[in-house]
Amino acid sequence: MGEEDYYLELCERPVHFEKANPVNCVFFDEANKQVFAVRSGGATGVVVKGPEDRNPISFRMEDKGEVKCIKFSLENKILAVQRTSKTVDFSNFIPDSSQLEYTQECKTKNANILGFCWTSSTEIVFITDQGIEFYQVLPEKRNLKLLKSQNINVNWYMYCPEGAVILLSTTVLGNVLQPFYFRAGTMSKLPKFEIELPAVPKSTKLNLSERDIAMATIYGQLYVLFLRHHSRTSNSTGAEVVLYHLPREGACKKTHILKLSRTGKFALNVVDNLVVVHHQDTETSVIFDIKLRGEFDGTVTFHHPVLPARSIQPYQIPVAGPAPVTSQSPVPCKLYSSSWIVFQPDIIISASQGYLWNLQVKLQPIVNLLPDKGRLMDFLLQRKECKMVILSVCSQMLSESDRATLPVIATVFDKLNHEYKKYLDAEQSYTMALEAGQSRSSPLLKRPVRTQAVIDQSDMYTHVLSVFTEKKDMPHKFVIAVLMEYIRSLNQFQITVQHYLHELVIKTLVQHNLFYMLHQFLQYHVLSDSKPLACLLLSLESFYPPAHQLSLDMLKRLSTANDEIVEVLLSKHQVLAALRFIRGIGGHDNISARKFLDAAKQTEDNMLFYTIFRFFEQRNQRLRGNPNFTPGEHCEEHVAFFKQVFGDQALMRPTTF
């Protein structure tokens, strides 16, 4: 398989840490995304590394027994270490504060601490087998204050730092999950919910394993993902992933089922709002997008993989070592290894090799794997880095080799303009709210974020349409149909069409001598009136004489002042068109010769300059009986330029009667 076939890859710069061995224990903290390598209980050093921080934190601590869990608070201010099932030890990493350790024992008698989670830089939650204890850490006093606790039998727990939710597995079977939400010193109990097990369990022992549960934010909503190894319905084979939507308020609801149609060992990641399911036996992965249309049965939407299963792109481990040694060829990394551990949302750790990777989605290969252009657009528009890929799809569907049909092209344009219009409306509402006096600091007033899914007219013009119209081998009917389709789509979404798109249509029509079509487009207002368009029409007069009148009619409809029309034409270097226009309205006796000669000289077209110069000589002769310019007209430099290029003898001589 070539590189263009893989749509998943491991990041280029992984976090490298000392691999796990009898002396070195490796821990991962999901909140800070940090790997801790603890050598001999910390006595010979602890090294902390994360994807963001290129400078690892190194320190030593006294070996007080086997470390069960170790994590920094947010911002790396306080270190917490659990060594026994009853207590957690703390040390401050705040400059100028006491380095002495302090300890907190769990409050509940006979309880064992299963683990702990930091919810802020100074707030921590202990999870015990008998409940949950929420503390505030007071580093300067070197002690903890209990804020709230709740008694409940706990089998295991899971923490989602993005959503600040802790999930506790309760009851004998373990399939009743109790979420708690943490925010600014408060702990809220959310409604508990039951995970439907594949079949009625025969025994009353723990049935739901934490291995089969994940928590992740998808499209801004928190979901609990349950990997059900056998479908509840007897007729469907294979495992499935059941998504439970966990709102801040209201009950947790089962909303989506992802059909895997295979069995075996699986692991889950979430990347760019896509659920990635890795399958160890076949060493492949599939992706699901819950925003794409699935089969809805009235309560739940069933989804199939967006694309055929593929392996993660083969990865070479760079050989570390002194420069002469690194010339060795890099070692291929064993993908889907049994030593891989997967963390949410997008982390894969190989403790045996000493690497932490972020999983990434590659969009370009997907373009050729998803033939349905409408579905491809729906998929791409939801991705973070989608703009250039979308524009390349648009170019591709207009190319000779991969040309799409007009209905497909229309569908793609409509999908793009739907997103574009949503953004324009949001921007307009924001501006109106500001003008209405709402303050910028109002929590309800947020400036809309322009994501890469907003493909505006200038993007389409620059990257797709202007390039497309210049292709010589394209049938002109198809070119015009595509341009008109894009303009139709903009009009349908009530988006003001930019003049440069109309200009592109006109230039294409003129290029192919389709003046009758141009006339119709203007007559029926298919092309909207605008000053730049009127100027373009004026400049077409020499090819198509009626264009002059069409242009003037348009400028009149725009109620443009005559001198403004002249200025616009001169700025576009349409000097002859400007002169014809002035003559047409009878104002040519009063215009400034210098202004027109300046404009003619700027075009660097000597014959044009000659024509304009001669026109004003003739005007002078007609009005004053002498072709020469008067000092008040300040045309001396133009007379000198004329003599230099055409010679003295080319100047008009006064005619005497």
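The shown structure was predicted, so the numbers you read here are calculated from the model rather than taken from an experiment.

A.B. asks: Account for the overall build of the protein chain, with residues named and values stated.
C.D. replies: Broken down by element type, the protein chain carries 15 helices and 33 strands. Against the globule reference of 26 Å for 657 residues, the protein chain gives a C-alpha radius of gyration of 36 Å, more extended than a compact globule. With the C-alpha coordinates of the protein chain rotated into their principal frame, the extents come out at 125 × 65 × 65 Å. By residue count, 51% of the 657 residues in the protein chain fall in the buried class. Restricting to contacts in the protein chain with at least 6 residues of sequence separation, those with at least 24 account for 52%. Surface accessibility of the protein chain: about 32,300 Å² in total, with carbon and sulfur atoms responsible for 52%. Both charge centroids of the protein chain, one from 71 positive and one from 67 negative side chains, sit 3 Å from each other.

A.B. asks: Any chance you could break down the layout of surface pockets for me, citing the residues and the numbers?
C.D. replies: Of the volumes computed, that of the largest pocket is approximately 1,500 Å³. Around the largest pocket, the lining comprises 46 residues; the ones closest to its centre are Glu-210, Arg-211, Ile-341, Val-342 and Phe-343. Top element by residues in the lining of the largest pocket is strand E15 (residues 156–160). It accounts for five residues. Taken together, the residues of the lining of the largest pocket break down into 28 nonpolar, ten polar and eight charged. The space that makes up the second largest pocket amounts to roughly 840 Å³. Secondary structure elements with two or more residues in the lining of the second largest pocket: strand E20 (213–218), strand E24 (266–271), strand E33 (355–361) and helix H4 (406–435). Of all the elements, E33 adds the most residues to the lining of the second largest pocket, at four residues. Class assignment of the residues belonging to the lining of the second largest pocket gives a composition of 13 nonpolar, eight polar and eleven charged.

A.B. asks: Got a sec to walk through the sheet that holds strand E7 (residues 69–72)? Specific residues and values, please.
C.D. replies: Taken together, the four strands give an open sheet; going across it, the order is E7-E8-E9-E10, and neighbouring strands pair in antiparallel fashion. In this open sheet, the two strands that pair with only one neighbour each are E7 and strand E10 (102–105). Neighbour to neighbour, the strand axes of the sheet diverge by 20° on average, direction disregarded. Bridging between strand E9 (residues 87–92) and E10 involves four bridges; their strand directions are antiparallel. The partner of Asp-89 across the bridge, within E10, is Thr-103.

A.B. asks: Any details on the sheet that holds strand E12 (residues 123–128)? Residues and values, ideally.
C.D. replies: Whether parallel or antiparallel, the strands of a sheet pair through hydrogen bonds between backbone atoms. Read from one edge of the open sheet, four strands run E11-E12-E13-E14, paired in antiparallel fashion. A single partner strand is all that each edge strand has here, and the edge strands are strand E11 (113–118) and strand E14 (143–151). Averaged over all pairs of adjacent strands, the angle between strand axes in this sheet comes to 20°, irrespective of strand direction.

A.B. asks: Tell me about the nonpolar core, residues and numbers included.
C.D. replies: Counting 124 residues, the largest nonpolar core has Ile-287, Phe-379, Met-460, Leu-465, Leu-518 and Phe-596 as the members making the most contacts within it. When residues in this core are grouped by element, the largest group, nine residues, is from helix H6 (residues 476–492). Filtering out sequence-adjacent residues up to four positions away, Leu-465 remains in contact with Leu-398, Met-460, Val-482, Leu-483, Tyr-486, Leu-501 and Leu-504. Counting residues in hydrophobic clusters, the runner-up holds 24 residues, among them Leu-190, Ile-195, Leu-222 and Phe-226.

A.B. asks: Describe the packing of aromatic side chains, and please don't skip the residues or the numbers.
C.D. replies: What the rule picks out here adds up to 27 aromatic pairs. Here the aromatic rings of Phe-613 and Phe-642 are separated by 4.1 Å at their centres, their planes lie at 10°, and the arrangement is stacked. Within this pair, whereas Phe-613 is found in helix H14 (residues 606–624), its partner Phe-642 is found in helix H15 (residues 636–646), the two being separated by 29 residues in sequence. On the accessibility criterion, Phe-642 (0% relative accessible area) is buried. We note Lys-291 situated over the ring of Tyr-219; from NZ or CZ to the ring centre the distance is 4.2 Å. When the ring centre of Phe-478 is taken as origin, the NZ or CZ atom of Arg-403, which lies over that ring, is 4.1 Å away.

A.B. asks: Hey, could you go over the packing of helix H12 (residues 575–584) against helix H13 (residues 593–602) for me, with residue numbers and the actual values?
C.D. replies: Axis separation between H12 and H13 bottoms out at 10 Å; the angle between their running directions is 155°. Between H12 and H13, the crossing angle belongs to the class labelled roughly antiparallel. On H13, the residues touching Val-575, Ala-578, Leu-579 and Ile-582 of H12 are Phe-596, Ala-599 and Ala-600. Taken together, the residues of the contact of H12 with H13 break down into seven nonpolar, no polar and no charged.

A.B. asks: Outline the side chain of Thr-301, listing residues and values.
C.D. replies: Take Thr-301: it is sitting in strand E28 (residues 301–303). If we ignore the near neighbours within four places in the chain, the residues touching Thr-301 are Thr-255, His-256, Ile-257, Gly-294, Glu-295 and Phe-296.

A.B. asks: Which residues make up the side chain of Asp-456, and what are the values?
C.D. replies: Checked against the element boundaries, Asp-456 lands in the loop between H4 and helix H5 (457–469). Side-chain polar atoms of Asp-456 contact the side chain of Arg-450, separated by 2.9 Å. A distance of 2.9 Å separates a polar atom in the side chain of Asp-456 from the backbone nitrogen of Asp-459. Leave out the neighbours within four places in its chain, and Asp-456 touches Tyr-420, Arg-450 and Tyr-486.

A.B. asks: So what's going on with the state of the cysteines? Residues and values would help.
C.D. replies: Under the criterion given, the structure shown has zero disulfides. Of the cysteine sulfurs around Cys-386, a residue in no disulfide, the closest is that of Cys-394, at 11 Å. Under the relative-accessibility criterion, Cys-386 is labelled buried at 0%.

A.B. asks: Which residues make up the environment of Ile-213, and what values go with them?
C.D. replies: With respect to the helices and strands, the residue Ile-213 is situated in strand E20. Judged by relative accessible area, Ile-213 falls into the buried class, the value being 5%. Sequence-wise, Ile-213 and Val-242 are 29 residues apart; in three dimensions their C-alpha atoms are separated by 9.6 Å. Residues in contact with Ile-213, not counting those within four places in the same chain, are Trp-156, Met-158, Leu-167, Leu-177, Ile-195, Leu-208, Val-224, Leu-225 and Phe-226.

A.B. asks: Tell me about the packing of helix H2 (residues 373–380) against helix H3 (residues 387–397), residues and numbers included.
C.D. replies: Helices that pack against each other are described as a pair by the angle of their axes relative to one another and the distance between those axes. Remark: H2 packs on H3, axes separated minimally by 10 Å, with the N-to-C direction vectors making an angle of 165°. Comparing the axis directions of H2 and H3 gives the class roughly antiparallel. Here the hand of the crossing between H2 and H3 comes out left-handed. Between H2 and H3, the contacting residues are Lys-373, Leu-376, Met-377 and Leu-380 on the first element and Val-389, Ile-390, Val-393, Cys-394 and Met-397 on the second.

A.B. asks: Describe the pairing of strand E31 (residues 340–343), with residues and values.
C.D. replies: Summarising the sheet, E31 and strand E32 (residues 347–350) pair through four bridges and their orientation is antiparallel. Bridged to Val-342 within E32 is Ile-348. What sits between the antiparallel neighbours E31 and E32 is a turn of three residues.

A.B. asks: Lay out unusual backbone geometry in plain terms, naming residues and giving numbers.
C.D. replies: It is generally the case that most residues other than glycine have a negative phi and that most peptide bonds are trans. Residue Gln-344 is joined to Pro-345 through a cis peptide bond whose omega torsion reads -5°. Tracing the backbone shows Pro-345 in the loop between E31 and E32. Positive phi, close to 50°, is recorded for Ala-164, a residue that is not glycine. With respect to the element layout, Ala-164 can be found in the loop between E15 and strand E16 (165–170).

What counts and how
- Residues numbered from 1 in each chain as written.
- Predicted model: local features only at pLDDT ≥ 70, side-chain atom pairs only at ≥ 80, totals over all residues.
- Heavy atoms only, no water.
- Helix = DSSP H or I, 4+ residues; strand = E, 2+ residues; numbered from the N terminus.
- Rg over C-alpha atoms; globule rule 2.2 N^0.38 Å.
- Buried < 20%, exposed > 50% of the residue type's maximum accessible area, 1.4 Å probe, protein only.
- Contact = heavy atoms within 4.5 Å.
- Areas by Shrake-Rupley, 256 points an atom, 1.4 Å probe, with all protein chains shown as cover.
- Lys, Arg positive; Asp, Glu negative; His and termini not counted.
- Charge placed at Lys NZ, Arg CZ, Asp CG, Glu CD.
- 1 Å grid on protein atoms, 1.4 Å probe; cavity = no way out; pocket = protein on both sides within 12 Å on 5 of 7 lines; lining within 4 Å.
- Points joined across faces, edges and corners; volume = space filled by probe spheres on them.
- Nonpolar A, V, L, I, M, F, W, Y, C, P; charged D, E, K, R; others polar.
- Pairing = 2+ DSSP bridges.
- Axes fitted to C-alpha atoms, helices over the stretch in contact; angles between N-to-C directions.
- Core = buried A, V, L, I, M, F, W, Y, C linked by side-chain atoms within 4.5 Å.
- Phe/Tyr/Trp six-rings, centres within 6.5 Å; stacked < 30°, edge-to-face > 60°.
- Lys NZ or Arg CZ within 6 Å of the ring centre and 35° of its normal.
- Parallel < 35°, antiparallel > 145°, perpendicular 65-115°, else oblique.
- Polar contact = N/O pair within 3.5 Å; in protein donor to acceptor, adjacent residues only side chain to side chain.
- Disulfide = S-S within 2.5 Å.
- Left-handed = near helix turned anticlockwise from the far one by under 90°.

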